[in-house]
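Take a look at the letters that make up each chain.
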Amino acid sequence: MRQATGTVTKLVFNSEKRQIFRLKTVGTSFRVLLDDADQRVEIGEHVTIDGALVVHHEFGEQFHAEQITHTHVTYDLIADFLMQGSGIGKSIADRVLRAFPNDLVEKLEHRDIDALCAIDRISRASATVIVNQWHQQSGKAELISFIEGVLSNAKVIDRKHIKQAALKAYGFYKDETVAKLNDDPFRLWAFSTFKHAETFASAMNIPDDDERRLICAVEESIYRKLKDGSTQVYPLEFQEELKKLVGSKLSIKGIIAANNAASISPPRIIIKHSELNPVGSWAREMQEESPHKHLYNQTYALAGVAIMEQYVQEQLRLRIEQHIENINVSDDEISAYQLPSGHHLNKDQQLALRTVLTSTVSVISGGAGTGKTSVLYAVNHIIKAAGQHVLQVALAGKAAQRLIQQTDDDAFTIATLLNKMARDKAFLDDYDIPVFHIDEASMVDLQTMYRVLKAFERKPIRLVFIGDWAQLAPIGIGLVFHTLRNSNKISLVELKHNYRSKGGIVDVSEKIKKGELFTCNHEVEIIEYHDNQNVLDIVRDTYINNMTKNGNVYVIAARKKTVAESNIMLHKLLRKRDTVIKAAPEFRVNDEVIYKRNDEQLGLVNGSTGRIVSGETILQQSYTPEFADLVIDFELEGLKALETVDIKDVNKGEYYLQHAYAITCHSAQGSEFETAIIVVENSKLVERSWLYTAITRAKTKAILIVKAGQTQEILDRGFAFEKINSGLSV
């Protein structure tokens, strides 16, 4: 085992699991490889590394680090530290050292900014940066020394995890970190896990019944429910989790401690009296069976989440009450309105159009293929004819691209729009009172809604939420669309007539919503299998049987493993005679592919699907020929020429382009296929909304591959959103 001490001067590579950096030591500099997600360094930090020096076949000699320790800066490395940590040049660093050859450390320790400013060409701002950077490094070194002293008898792996968590805490508490952790070692939980916080506290001899431990255990129990989407929790919901953490005898004492924590300012836990969740039936059922009914009159939430939810609630209520002048269009004009297809809007669509034009907040709800996008097209056309503006957004890039295609108007992902607004403060100046369409709104979580409302605070807009309540629930926390849909204060229109899918698919999707068992029909085929059968063999045969007679065919599965195995199998089976793509031999001409990142320059989004049409190609663009490693015909974006850098990240080994014979249900949401082969797996992800979303992707044929007898079990699981306890009320 070798050891070296120096300053981190450059991050060569940085990912979640690996860092490669250069370390400047006395008289030399070398490359360091750190393969440990629990240990991180930053440019300018002064560290001691333990490890081994090895020879890499391409990069030569490099240090493989096993242990990283933040240390105080030695005097002989102060110049390097000043240049890297404070961003000053070598000449100024030398000037500082010459000015204080013997007492520079003392000046830095005493934050003597005036003395540093007296040096030629050093401003007060530069002196402040130098002093702050010195104290930050010194503070980190003292913190690590404190942690190592507390954990002297702990396991090496625990010390490593806790030290990294403590450094994260330093980013928040700064010089007060040691004092804060001494006062309450469970503060570490916010930057790590309950297990590591408890290990740290135990090393500090904190007893099991200490109120700090019990409060943290309640926070952890609430947090575990938060990961399932719930923003507030009834005590009977989290009591089992709490018992696992502190034991049965201390669980009630933990709830009492949480009540105490809710009464201090600022509160760590928010407790409020609440009616039963109006969205789901689970709470009422639990209440009827419980001898502790009074516990259902109060809910517990983490403070940050509760504050966010309260803000969203207040902003939506303000907008509902806000008066915005109606966009006046006569009933005759609405009845006579003609879509580009030549069709008129049906009665429900006309009502939806009228509602959007006369409401500050409205919800347009409807199943797949019920003409929600036709309403948006008509709204956009009429609003722009009236001299006003429309902003269209969707959560996912694929949905935004489809909006552009179907409404013949601009659309953004929510993240893209918010970034544009942040970069260009005048972005909204051209928009008087825009109508703000949020498509696929059932997927919008609390954090996203918070960001949207924060960005538009004090700006008049009409909010329109468009979605399907039965589709997939948000990946993040909370329920926005479902809460708004159930509110009697918000204008709601339900679209019911299906224009896209054939009758048999519509009938089955309606039965899924009701939880009724369904059977085969002309458009829906059910293939049941048993334990002794290989599901991939069934997928293969079903795909081959349908690939020529039923248009485009996609496999939809819940597990990424099933998706990957299906893609490998179908690629090898179907493309073995096609031309290999030289730049990416994993692909061949005619492969079905999906792009997995947003790229404004290419005009592609995460979820763009298409087919490879050629390999290496010289494209004649104007007068300048351009080289492409492959050309893909994307479903929505058309022909795109890609180079190797567009296909994969060579450093990370991550492919932006992937096979797409099979995709997950989340990737499929917002798409439509002639034929969908749905692999119904026994996974907690597969419940009614998953099944409904998958089957409604099909226009002509839906084929379910399901284990015998499992369909009823999946229907009995209900909808995922019914299990989410949301504190939002409008």
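Just so we're clear, the structure is a prediction, and the values are computed from it rather than from any experiment.

Q: I'd like to hear about the sheet that holds strand β27 (residues 698-707), residue by residue, with values.
A: Across the sheet, which stays open at both edges, the five strands sit in the order β14-β27-β26-β15-β25 with parallel pairing between neighbours. Two strands close off the open sheet at either side, each with one partner strand: β14 (524-529) and β25 (662-664). In this sheet, neighbouring strand axes are inclined to one another by 25 degrees on average, regardless of whether the strands run parallel or antiparallel. Here β14 pairs with β27 via six bridges, running parallel. The residue bridging V524 from the neighbouring strand is A702, located in β27. Contacts between helix α21 (residues 503-514) and the sheet are confined to β14 and β27, with β27 contributing the most and set at about 50 degrees to the helix.

Q: A description of the packing of aromatic side chains should follow, citing residues and the corresponding values.
A: How two aromatic rings sit relative to each other is set out by the distance from centre to centre and by the angle between their planes. Counted by the stated rule, this structure contains 17 aromatic pairs. Residues F412 and F427 carry aromatic rings whose centres are separated by 6.3 Å and whose planes lie at 75 degrees to one another, so their mutual orientation is edge-to-face. Note that F412 is positioned in strand β10 (residues 412-413) and F427 in the loop between α18 (414-423) and β11 (435-439), a separation of 15 residues in sequence. Taking relative accessible area as the criterion, F412 reaches 15% and is therefore assigned buried. Overall, the relative accessible area of 16% leaves F427 in the buried class.

Q: So what about the sheet that holds β11? Which residues, and what values?
A: With parallel pairing, the six strands of this open sheet are ordered in space as β10-β9-β11-β12-β8-β13. A strand with exactly one partner marks an edge of an open sheet, and here the two such strands are β10 and β13 (491-495). Along the sheet, helix α15 (residues 347-358) makes contact with β8 (361-366), β11, β12 (462-467) and β13, crossing β13 at roughly 155 degrees.

Q: Could you give an account of the packing of α15 against helix α16 (residues 372-385), naming the residues involved and the relevant values?
A: Their axes nearest at 10 Å, the elements α15 and α16 cross at an angle of 45 degrees. Overall, the two elements α15 and α16 adopt an arrangement that is oblique. Crossing angle aside, the handedness with which α15 passes α16 is right-handed. Together, Q349, A352, L353, V356 and L357 of α15 and S374, V375, A378, V379, I382 and I383 of α16 make up the contact between the two elements. Taken together, the residues of the contact of α15 with α16 break down into nine nonpolar, two polar and no charged.

Q: Can you break down the domain arrangement of the protein chain residue by residue, with the values?
A: Under the domain assignment used here, the protein chain contains domain 1 (3-72), domain 2 (207-304), domain 3 (323-495) and domain 4 (505-720). Of note, the centres of domain 1 and domain 4, computed from C-alpha atoms alone, are 42 Å apart.

Q: Tell me about the environment of A662, and name the residues and values.
A: Its location among the elements puts A662 in strand β25. A C-alpha to C-alpha distance of 41 Å links A662 and K10, two positions 652 residues apart in sequence. Every residue in contact with A662, bar those within four places of it in the chain, is listed here: V555, V563, S566 and N567.

Q: Hey, could you go over helix α23 (residues 560-574) for me, with residue numbers and the actual values?
A: Along an α-helix, a turn takes 3.6 residues, which lines up residues three or four apart on a common side. Look at α23: 21 Å from first C-alpha to last across 15 residues, which is about the 21 Å you get at 1.5 Å a residue. Taken together, the buried positions of α23 are occupied by T562, V563, S566, N567, M569, L570, H571 and L574. Buried positions along α23 lie against α22 (535-546), β15 (553-557), β24 (657-659), β25 and β26 (673-680).

Definitions and cut-offs
- Residues numbered from 1 in each chain as written.
- Predicted model: local features only at pLDDT ≥ 70, side-chain atom pairs only at ≥ 80, totals over all residues.
- Heavy atoms only, no water.
- Pairing = 2+ DSSP bridges.
- Helix = DSSP H or I, 4+ residues; strand = E, 2+ residues; numbered from the N terminus.
- Axes fitted to C-alpha atoms, helices over the stretch in contact; angles between N-to-C directions.
- Contact = heavy atoms within 4.5 Å.
- Phe/Tyr/Trp six-rings, centres within 6.5 Å; stacked < 30°, edge-to-face > 60°.
- Buried < 20%, exposed > 50% of the residue type's maximum accessible area, 1.4 Å probe, protein only.
- Parallel < 35°, antiparallel > 145°, perpendicular 65-115°, else oblique.
- Left-handed = near helix turned anticlockwise from the far one by under 90°.
- Nonpolar A, V, L, I, M, F, W, Y, C, P; charged D, E, K, R; others polar.
- Domains from an automatic or database assignment.
- Expected span 1.5 Å × (residues − 1).

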